[in-house]
There are 2 protein chains.
Amino acid sequence: MAFWKLFWNKTKVIQINQYSDNYNKIKHKILVQDFDYKNKKINIFLSKDKNINLYELEELCDTVGWVRRPLKKVKIAIEHSFLTISLFYQSNNHKKLIAFARATSDNTFNATIWDVVVHPDFQGRGLGRILIKEAIKQLRYADINTITLFADPQVISFYKNLGFISDPDGIKGMFWYPH
Amino acid sequence: MAFWKLFWNKTKVIQINQYSDNYNKIKHKILVQDFDYKNKKINIFLSKDKNINLYELEELCDTVGWVRRPLKKVKIAIEHSFLTISLFYQSNNHKKLIAFARATSDNTFNATIWDVVVHPDFQGRGLGRILIKEAIKQLRYADINTITLFADPQVISFYKNLGFISDPDGIKGMFWYPH
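1. Topic: the layout of surface pockets
Over the atoms rolls a probe the size of a water molecule, and in doing so it shows where empty space is left.
Residues and elements named next belong to chain A.
Item 1. One number sums up the size of the largest pocket: a volume of about 1,200 Å³.
Item 2. Lining the largest pocket we find 36 residues, and of these Trp66, Asp115, Val116, Phe150 and Asp152 sit closest to its centre.
Item 3. Elements that contribute at least two residues to the lining of the largest pocket include exactly strand S7 (110-118), helix H3 (127-141), strand S8 (146-151) and helix H4 (156-161).
Item 4. Residue contributions to the lining of the largest pocket peak at six residues, all from S7.
Item 5. Per-class residue counts for the lining of the largest pocket are 19 nonpolar, ten polar and seven charged.
Item 6. Of the volumes computed, that of the second largest pocket is approximately 1,000 Å³.

In C-alpha cells, the structure reads:
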C-alpha cells in the first residue's frame, strides 16, 4: 500500500498535493513523520474511519473546554455525518487522538463542517489547517461544491486563510435555538 | 385517520398548535382548507414524503428563477436530506407542488435548512412561515437543538420573525467555493 506522505521540517508542514491513486481507499495515512513532541519524535496519522473511540473523542473535546455531550448522541452524529477526519499520533504502542472534524452533507450539493477540534499541545503547528484542507479535498472529491461552516470570532481569520468567505453577497448564517 | 387542520379566514392562517397523537405517522395533512386562489377554493396539503416528482420540483424552482440543477443530483440531495417538506394544492383531480424546503442533519445535534422555495402566486400569504415552522417542529421532534440556515439578505427579517438569530455571539456563516 502506497502512503501519501507529508514531511516535517522543524516548524513547517510541507503538504504534497499528489495523492496516490488509491488514496480514497486508504483509511489511515501517515501525515507527518518525526513530528517533534515533548522531545520525542512521533508520527501523525490521518484517518477517515468512523469507528472512533467515543471516550477518546470526549477527552479531546475536554482539553478545549467543550461542554460534555451524551455519548449516545455523539455516536448518532458520527454515524450520520458524511465525513469524519481524525488525526492521531502513534508513539511506540501508544495511539492518541489529537484532532477531529466532521461534516454533514446532502452528499451532492453542500456540506457543513462541525466540531473542529485540535488538542492544545498540537495547536499552532499547522494541523488544524491540514484537517480542514483534507475535509475540503474529500468533499470536493464527492463533487460537493458548497462547503459551509459556522466560525467562532477567534477562528474567522483561520478559515479566511483557507479560502472561506464570510457572509458572501450578504448571506447570513442564522441559528434557531429552543426557547 | 384524524387530520390536523388549519383554518383560513380570508387573509390570515390561524395555526392550531395541537397535533394529533399520530401526527408524525401522517405523511399528508390538510394544512389550509378553502384557500382563495384565482377565484377558486383550493385545499393546501403538507407532505413529508420524500417521493417527490423531480420535474415538478424543478418547475417550482424555475418560478423563482433558480439556476437549474441536474435532476440526478437533486435526487441524491433529497435522499440524503434528513427532512423534506412539500406543500401542494389539490383542486378537483389536479395536484400541484407550491412550496418546498429540506434540511440536512447529523440526526441528533444540528440541522441546516436548504432550498426554501414558495411559488410566487402563493408568496406573502403565510405559507413560507408555515413551511419553516413545520421544519422546526419536525427537527425539534427529533431532539435536534441547533437549527441553522444561510439566509439571503431579503429574507433575513422573515427568519428573524420566526426566531432565528443572525451571527449569535459573533459566530459567522462561512462559505468555501471551488476556485
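Past the structure itself, the notes keep going.
2. Section: the interface of chain A and chain B
Item 1. Listed per partner, the contact involves 48 residues of chain A and 49 residues of chain B.
Item 2. Here chain A and chain B share an interface that buries about 4,700 Å² over both sides, 63% of which is from carbon and sulfur atoms.
Item 3. The largest contributions to the chain A side of the interface with chain B come from Phe109(A), Met174(A) and Trp176(A), which together make up 19% of the buried area.
Item 4. Counting across the chain A and chain B interface gives six salt bridges.
Item 5. The partner of Lys172(A) in a salt bridge is Asp167(B), with the nearest N and O atoms 2.6 Å apart.
Item 6. Across the chain A-chain B interface, the total number found is 22 residue pairs in polar contact (both at pLDDT 80 or more).
Item 7. Those elements that place two or more of their residues in the side of chain A that touches chain B are helix H2 (71-79), strand S6 (94-105), S7, H3, S8, H4, strand S9 (165-166) and strand S10 (172-176) of chain A.

3. Description of the side chain of Glu58(B)
Residues and elements named next belong to chain B.
Item 1. Among the secondary structure elements, glutamate 58 is positioned in helix H1 (residues 54-63).
Item 2. By relative accessible area, glutamate 58 is classed as buried at 17%.
Item 3. If near-sequence neighbours (up to four positions away) are discounted, glutamate 58 is found in contact with Arg68, Arg69 and Leu71.

Cut-off values and rules
- Residues numbered from 1 in each chain as written.
- Chains lettered and ligands numbered in written order.
- Predicted model: local features only at pLDDT ≥ 70, side-chain atom pairs only at ≥ 80, totals over all residues.
- Heavy atoms only, no water.
- 1 Å grid on protein atoms, 1.4 Å probe; cavity = no way out; pocket = protein on both sides within 12 Å on 5 of 7 lines; lining within 4 Å.
- Points joined across faces, edges and corners; volume = space filled by probe spheres on them.
- Helix = DSSP H or I, 4+ residues; strand = E, 2+ residues; numbered from the N terminus.
- Nonpolar A, V, L, I, M, F, W, Y, C, P; charged D, E, K, R; others polar.
- Contact = heavy atoms within 4.5 Å.
- Buried area = accessible area lost by both parts, 1.4 Å probe.
- Salt bridge = Lys/Arg side-chain N within 4 Å of Asp/Glu carboxyl O.
- Polar contact = N/O pair within 3.5 Å; in protein donor to acceptor, adjacent residues only side chain to side chain.
- Buried < 20%, exposed > 50% of the residue type's maximum accessible area, 1.4 Å probe, protein only.

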